[in-house]
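Notes for the structure review
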Amino acid sequence: MRTFGCQMNEHDSERIAGLLEADGMVPTDDVSEADVVVLNTCTIREDADNKLYGNLGHLASVKARRPEMQIAVGGCMAQKDQGLIQQRAPYVDVVFGTHNVKNAAELLRRARDEGPLMEILAESDAFPSALPVRRDTGYAAWVTIQVGCDNSCAFCIVPSVRGREISRPVDEIVGEVEQLSASGITEVTLLGQNVNSYGRDLTKRRPLFAQLLRAVGGVEGIERVRYTSPHPKDLRPETIEAMAAVPEVCEHLHLPLQSGSDRVLAAMHRGYTADRYLAKLAAARGAVADLAVTTDIIVGFPGETDDDFDRTLAVVAEAEYDSAYTFVFSPRPGTEAATMNDQFVPAEVVAERFDRLRVVVERSALARHEARIGRTEQVLVEGPSKRDPAVTAGRTRQNKLVHFAAEGQVPTGSYAEVVVTGAAPHHLRGELVGLTKPARHKTRIAVAAV
């Protein structure tokens, strides 16, 4: 399995891997011995297209040597490109979209007899929650609370490839979280394209997200509740109140800004101004102690002037983010912004702005991290660091990555107290004080998506 893109794609990959395992397959990291290779794709930016077709190009020689190997392409790009994928890579056996994850194993079986297949559905007929799953950890899990999106952001292809917004009932979500807790999971992340509007389609009135946070936080055995992604225009006072009142809800808010210019925000159809955004951010920080805030920012949206970008820098400086995901605007076919090609910002201007933004973001991130030196943090242990196996890695309640020294192996999934001894813009360094809670899961589940 190869997964590109967001947590929704990662979660879909868990389900696909579970279906294939239920069909008698076992995972392998060696593509040369694989009978099935699945690429679960993203289409948010142009480089996602390049990654897919680059990977397919590498697989062409493997397929030529081993024609019995099957290649499947799923996810958002499959939903968007559909027949184009097999036109460009005719050796692909199966193409399936975002709405028919449950058919992946069946399509592969059929393709062995019928030849290459493509199945793209216009809408999901059910949530994937009932499907088998193979998770890459035994202590944390994603839980889908809604699919689709009803917003119309000018730059975003998601509504086209994920469909209209549909929410799962509260009791169904809580039931899944209860099952996860019983299996040893202690941290859940609630997933949706716009979690703040969760439940509006169920009640035809106000969203139910605050109610859901309280219900999930009340499940016995769940230590941490996270969520992503919210939309600033829908961040309501009751959600902030629930974050402050429910101890299990982590002190981390991802609040995508996208731009600090009111003119650009209006062109993006974001539904808020910079002042309204900052007011909601101030309300959240005022209510939730020790809140970490992260964001998304697009540089070079069509028509962005020097003044527009300066306004973005001003808002970013005022917001003092803990971290930011910064992106160069990428026109996606089928979006309104892609038609604004006469207003595209020159690449050299975008690159210069991107570097300036990075400096401002990293300045505030480093300052916030340095302020944590000397503090003792609760860390959920993820295991050895990918860069240095001699160092253990974990995350705080604020979702900050911590690298810390420890004598012997610290059990993955356990909770540790770590004193922070150093800081960098993107992580903290520390030393182990001791374990506060042992791991609850019995075995570590094999990695299914990379």
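Because the structure is a prediction, the values reported are computed rather than measured.

With that settled, consider the overall build of the protein. Each helix and strand in the protein was counted, giving 14 helices and 18 strands. Compactness check: the protein gives a C-alpha radius of gyration of 22 Å against a globular reference of 22 Å for 450 residues, within 12% of the reference. Scored against the burial criterion, the 450 residues of the protein give a buried share of 53%. Taking all contacts inside the protein whose residues are at least 6 apart in sequence as the whole, residues at least 24 apart take part in 71%. A total of about 19,400 Å² of accessible surface is found on the protein, and carbon and sulfur atoms cover 50% of it. One way to put it: in the protein the 51 positive side-chain charges average out to a point 2 Å from where the 62 negative ones average out.

Each aromatic ring pair is summarised here by two numbers: the centre-to-centre distance and the angle between the ring planes. Inspection of every chain in the model, using the stated rule, returns 4 aromatic pairs. Between Phe-209 and Tyr-227 the ring centres are 4.9 Å apart and the planes differ by 80 degrees, which places this aromatic pair in the edge-to-face class. Placement of the pair is Phe-209 in helix α9 (residues 209–217) and Tyr-227 in strand β10 (residues 224–228), with a sequence separation of 18 residues. A relative accessible area of 8% means that Tyr-227 is categorised as buried. A centroid spacing of 5.9 Å and a plane angle of 35 degrees characterise the contact between Tyr-272 and Tyr-277, whose relative ring orientation is tilted. With a relative accessible area of 6%, Tyr-272 lands in the buried category. Aromatic ring contacts, followed pair by pair, group Phe-301, Phe-329 and Phe-344 into a single cluster. A cation over an aromatic ring shows up here: Arg-88 above the ring of Tyr-53, its NZ or CZ 3.7 Å from the ring centre.

Glancing now at the sheet that holds strand β13 (residues 323–328). Reading across the sheet, the 3 strands line up as β11-β12-β13 and stay open at both edges, with parallel pairing between neighbours. Of all strands in the sheet, those with a lone pairing partner are β11 (252–254) and β13, marking the two edges. On average, adjacent strands in this sheet sit at an angle of 15 degrees to one another, irrespective of strand direction. The sheet contact formed by strand β12 (residues 292–299) and β13 spans 6 bridges and is parallel. For Val-299, the partnering residue across the bridge sits in β13 and is Val-328.

Within the open sheet, the 5 strands sit side by side as β1-β2-β3-β4-β5. Their pairing is parallel. Every other strand in the sheet has two partners, leaving β1 (2–3) and β5 (117–119) as the edge strands with one partner each. Both strand β4 (residues 94–96) and β5 contribute to a ladder of 3 bridges, which runs parallel. In the strand pairing of β5, Val-95 is matched with Met-118. Taken strand by strand, helix α1 (residues 7–22) contacts β1, β2 (36–41) and β4, and its axis lies near 160 degrees from that of β2.

Between helix α12 (residues 274–287) and helix α13 (residues 306–319), whose axes approach to 11 Å, the crossing angle comes to 10 degrees. One way to sum up the angle between α12 and α13 is to call them roughly parallel. Packed against α12, whose contacting residues are Ala-274, Leu-278, Leu-281 and Arg-285, the element α13 presents Val-315, Glu-318 and Ala-319 at the interface. Its residues placed into classes, the contact of α12 with α13 shows 5 nonpolar, no polar and 2 charged.

Glancing now at helix α10 (residues 237–245). Residues of α10 that are buried: Thr-239, Ile-240, Ala-242 and Met-243. Projected down its long axis, α10 carries its buried residues within an arc of 160 degrees, all on one side. Buried residues along α10 sit against α9, β10, β11 and α12.

Let's shift gears to the pairing of β10. Residues in a regular strand point their side chains to alternate faces of the sheet. By the criterion of burial, β10 is predominantly enclosed, with 5 of the 5 residues buried. Residues Arg-224, Arg-226 and Thr-228 line one face of β10 and the alternating positions Val-225 and Tyr-227 line the opposite face, and both faces are buried. Pairing of strand β9 (residues 187–191) with β10, which is carried by 5 bridges, proceeds in the parallel orientation. Within β10, the position partnered with Thr-189 by the bridge is Arg-226.

A few words on the confidence of the model for the protein. Mean pLDDT over the protein works out to 90, with 95% of the residues at or above the 70 mark. Scored below 50 in pLDDT, residues 443–450 makes 26 contacts in the model with residues more than four places away or belonging to other chains.

Let us look at the pairing of strand β15 (residues 392–395). As paired strands, strand β14 (residues 376–384) and β15 are joined by 4 bridges and run antiparallel to one another. For Leu-380, the partnering residue across the bridge sits in β15 and is Arg-395. Where β15 and strand β16 (residues 401–405) come together, 4 bridges link them in antiparallel fashion. Within β16, the position partnered with Gly-394 by the bridge is Val-402. If you look at the hairpin formed by β15 and β16, you'll find 5 residues sitting between the two strands, and Asn-399 has a positive phi there, around 65 degrees.

The rules behind the values
- Residues numbered from 1 in each chain as written.
- Predicted model: local features only at pLDDT ≥ 70, side-chain atom pairs only at ≥ 80, totals over all residues.
- Heavy atoms only, no water.
- Helix = DSSP H or I, 4+ residues; strand = E, 2+ residues; numbered from the N terminus.
- Rg over C-alpha atoms; globule rule 2.2 N^0.38 Å.
- Buried < 20%, exposed > 50% of the residue type's maximum accessible area, 1.4 Å probe, protein only.
- Contact = heavy atoms within 4.5 Å.
- Areas by Shrake-Rupley, 256 points an atom, 1.4 Å probe, with all protein chains shown as cover.
- Lys, Arg positive; Asp, Glu negative; His and termini not counted.
- Charge placed at Lys NZ, Arg CZ, Asp CG, Glu CD.
- Phe/Tyr/Trp six-rings, centres within 6.5 Å; stacked < 30°, edge-to-face > 60°.
- Lys NZ or Arg CZ within 6 Å of the ring centre and 35° of its normal.
- Pairing = 2+ DSSP bridges.
- Axes fitted to C-alpha atoms, helices over the stretch in contact; angles between N-to-C directions.
- Parallel < 35°, antiparallel > 145°, perpendicular 65-115°, else oblique.
- Nonpolar A, V, L, I, M, F, W, Y, C, P; charged D, E, K, R; others polar.
- Arc of directions from axis to C-beta.
- pLDDT = per-residue confidence, 0-100.

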